Amino acid sequence: MPASLRPWLLILPALLLIGLFFLAPVVALLLESFKVNGVWGLGQFVRFFQDDLNREVYVRTLRIAAVATVVSAAVCYPAAQAVVRLPGRHKGLMTAVIILPLMVNPVARTYAWLVLLGRTGLVNSLLVGLHLSPEPLRLLYTEGAVFIGLLQLMMPLMLTSLVSALENLPADVTAAARSLGASGWQVFWRVTLPLTREGLVIGGTLVFTGCVTAYVTASLLGGPRVLLLETLLYQKVNVGSDYVGASVIAVILIATTLLANQALRLAGRLRGQA
């Protein structure tokens, strides 16, 4: 047997596993969404975006996911810098605290927001008790509730990505920029951000992808009032038995996440060249 074929034989079981359980379902999904009555085309996607409700749901999904990604990046950058500056023992403890929420089931974390944001929950009790509102507000089943739930759910992913990127940032680089008279904002914008853009791209992709696919949080906190693509897909399958429509939404979700990743990478490259 030629020596050049031996590495391929070693990875052949993994390739078969990936092809059978990951690639084959995606290919079948693509074929079903692009084929209508035996004719190949984009008719299903055109009809999807011609519907006013579908367009509204798509724009809402993108808006919430994009805002959650931007806010998580803005919050997690200073938090990640603070974690990196901690001494070894404290850094390990803080890293464990960051990772701990990821070990809790998303259903349990989302139900906690149901308790906090309910009409008799802690938030409304504080608002009424401090006379900021004459009566309890409807906080659940709003875009704000979905945004808060998704942000809390996905923020640890952004934070861990940025911490990893900042740990690989040479300490003398920022010190050199400081010695040349750069302000704190200039150091961040011209040194820290370009050198840690890969961590930002990875974290942004994880947060954005998680936001557009997190069915449990969107369903529990948004309900039927705030439809997102993931909850609309669930309705297509379990309420309308529209499997073709569900496959179209699934393909749109896949395409959207891929485009978001490429957009973040392009923005990172442009920032690195600036």
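This is a predicted model, so every value here is computed, not measured.

Conventions adopted
Residues numbered from 1 in each chain as written. Predicted model: local features only at pLDDT ≥ 70, side-chain atom pairs only at ≥ 80, totals over all residues. Heavy atoms only, no water. Salt bridge = Lys/Arg side-chain N within 4 Å of Asp/Glu carboxyl O. Helix = DSSP H or I, 4+ residues; strand = E, 2+ residues; numbered from the N terminus. Core = buried A, V, L, I, M, F, W, Y, C linked by side-chain atoms within 4.5 Å. Buried < 20%, exposed > 50% of the residue type's maximum accessible area, 1.4 Å probe, protein only. Contact = heavy atoms within 4.5 Å. Disulfide = S-S within 2.5 Å. Phe/Tyr/Trp six-rings, centres within 6.5 Å; stacked < 30°, edge-to-face > 60°. 1 Å grid on protein atoms, 1.4 Å probe; cavity = no way out; pocket = protein on both sides within 12 Å on 5 of 7 lines; lining within 4 Å. Points joined across faces, edges and corners; volume = space filled by probe spheres on them. Nonpolar A, V, L, I, M, F, W, Y, C, P; charged D, E, K, R; others polar.

Asker: I'd like to hear about the pattern of salt bridges, residue by residue, with values.
Answerer: Per the stated rule, a full pass over the model turns up six salt bridges. Measuring nitrogen to oxygen at the nearest pair gives 2.4 Å for the salt bridge that ties R55 to D52. On the criterion of helical spacing, the pair formed by R55 and D52 is a turn pair, its members being three residues apart in helix α3 (residues 52-85). Among the salt bridges present, the one from R60 reaches E143, with a minimum N-O distance of 3.2 Å. Taken together, the residues R60 in helix α3 and E143 in helix α7 (residues 143-167) connect sequence positions 83 residues apart.

Asker: Kindly report on the nonpolar core, identifying the contributing residues and their values.
Answerer: Generally speaking, nonpolar side chains in soluble globular proteins are found buried as a group. With 50 residues, the main nonpolar core has F48, V146, C211, L221, L229 and I252 as its most contacted residues. Looking at this core element by element, the count peaks at twelve residues for α7. C211 has contacts with A65, A68, L150, M154 and E230, leaving out every residue within four places of it along the chain.

Asker: Kindly report on the side chain of T205, identifying the contributing residues and their values.
Answerer: The topology assignment puts T205 in helix α10 (residues 197-213). Among residues more than four places away in sequence, those in contact with T205 are N261 and L264.

Asker: Explain the state of the cysteines residue by residue, including any values.
Answerer: Summed over the entire model, instances satisfying the criterion amount to zero disulfides. Cysteine C76 shares no disulfide, and the gap to the nearest cysteine sulfur, in C211, comes to 12 Å. The class of C211 is buried, set by a relative accessible area of 2%.

Asker: I'd like a description of the packing of aromatic side chains, backed by residues and values.
Answerer: Following the criterion strictly, the structure yields four aromatic pairs and no others. Arranged with centres 5.1 Å apart and planes meeting at 85°, the rings of F48 and F49 form a pair that is edge-to-face. Owing to a relative accessible area of 5%, F48 belongs among the buried residues under this scheme. Summarising the aromatic geometry, the rings of Y77 and F188 are spaced 5.0 Å apart at their centres and angled 85° between planes, so their arrangement reads as edge-to-face. Separated by 111 residues along the polypeptide, Y77 in helix α3 and F188 in helix α9 (residues 184-195) bring together distant segments of the chain. Among the residues examined, F188 registers a relative accessible area of 18% and is labelled buried. Each member of the aromatic cluster is reached from another via a ring pair, and the members are F48, F49 and Y58.

Asker: I'd like a rundown of the side chain of T257, residues and numbers included.
Answerer: Relative to the helices and strands, T257 resides in helix α13 (residues 243-273). In this view, T257 contacts T209 and V212; residues no more than four positions away in its chain are not counted.

Asker: Could you give an account of the environment of G222, with specific residues and numbers?
Answerer: Take G222: it is sitting in helix α11 (residues 215-222). The exposure class of G222 is buried, given its relative accessible area of 0%. With 77 residues separating them in the primary sequence, G222 and A145 have C-alpha atoms 7.0 Å apart. Setting aside residues up to four positions removed in sequence, G222 forms contacts with Y141, V146 and T217.

Asker: Which residues make up unusual backbone geometry, and what values go with them?
Answerer: One non-glycine residue with positive phi stands out, namely H131, at about 60°. Structurally, H131 is set in the loop between α6 (122-129) and α7. By relative accessible area, which is 72% here, H131 ends up exposed. Phi is positive for Y141, close to 60°, though the residue is something other than glycine. Looking at the secondary structure, you find Y141 in the loop between α6 and α7.

Asker: Tell me about the layout of surface pockets, and please be specific about residues and values.
Answerer: Estimates place the volume of the largest pocket at around 460 Å³. Lining the largest pocket are 21 residues, with A73, L193, L200, L264 and A267 sitting closest to its centre. Residue composition of the lining of the largest pocket, by class: 16 nonpolar, three polar and two charged. Counted as a void, the second largest pocket has a volume near 350 Å³. Every residue lining the second largest pocket is counted, 14 residues in all, and those nearest its centre are Q81, R85, L169, T174 and T192. Of all elements in the fold, only α3, α7, α8 (171-179) and α9 reach the threshold of two or more residues within the lining of the second largest pocket. A total of four residues in the lining of the second largest pocket trace back to one element, the largest contributor, which is α9. When grouped by side-chain class, the residues that make up the lining of the second largest pocket number seven nonpolar, four polar and three charged.

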